[in-house]
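Overview (structure and organization)
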Amino acid sequence: MTARTALIVEDETMIAELVATMLESDGITATICPSVAEAMHQLETRPCALALVDLTLPDGEPDAFIAAARARGSHVIVMSGDPDRLARYAPLPLLEKPFRMKAMLEQVRQALPVAD
């Protein structure tokens, strides 16, 4: 597994692309997955160090993906515009939409510190 890789599991293209751009500007290779199924496939073929996961995806709940990513040692940050739904995923790091890119990068940097 490459230390600075991330899956962005997000079906809203504009959000996914903005997050990917911010991660890449921070030296993280980002792959966008618009569905749970695609995220599972990516995880099986190319493990990642971090997954940023929206909780509302077109093909269902991301719980199985989150469990699989954590089982493989990936850090997981969950994102949602629904604060009640988001709270159910604590103690994972949480991002309530809309979030500031600075707040997202702070959480990412805590999960994937840059090696000296």
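Analysis parameters
Residues numbered from 1 in each chain as written. Predicted model: local features only at pLDDT ≥ 70, side-chain atom pairs only at ≥ 80, totals over all residues. Heavy atoms only, no water. Helix = DSSP H or I, 4+ residues; strand = E, 2+ residues; numbered from the N terminus. Buried < 20%, exposed > 50% of the residue type's maximum accessible area, 1.4 Å probe, protein only. Polar contact = N/O pair within 3.5 Å; in protein donor to acceptor, adjacent residues only side chain to side chain. Contact = heavy atoms within 4.5 Å. UniProt positions renumbered as here; feature names shortened; annotations may be inferred.

Another point: the side chain of Asp26. By the secondary structure assignment, Asp26 is in the loop between helix H1 (13-25) and strand E2 (29-33). Residue class for Asp26 comes out buried when judged on its relative accessible area of 19%. Within polar-contact distance, the side chain of Asp26 engages the side chain of Arg109 at 2.7 Å. Ignoring anything within four residues of it in the chain, the contact list for Asp26 reads Arg4, Leu105 and Arg109.

Cross-referencing UniProt, the feature "domain: Response regulatory" (unreviewed entry) maps to residues 5-112 in the present numbering. For the annotated span residues 5-112, helix accounts for 44% and strand for 22% of the residues, and the straight-line distance between the end C-alpha atoms is 9 Å.

Right, let's talk about the UniProt feature "modified residue: 4-aspartylphosphate" (unreviewed entry) in the protein for a bit. Mapped onto the present numbering, the UniProt feature "modified residue: 4-aspartylphosphate" (unreviewed entry) falls at Asp54. Residue position: Asp54 is located in strand E3 (residues 50-54). Setting aside residues up to four positions removed in sequence, Asp54 forms contacts with Val9, Glu10, Asp11, Pro62, Met79, Ser80 and Lys97.

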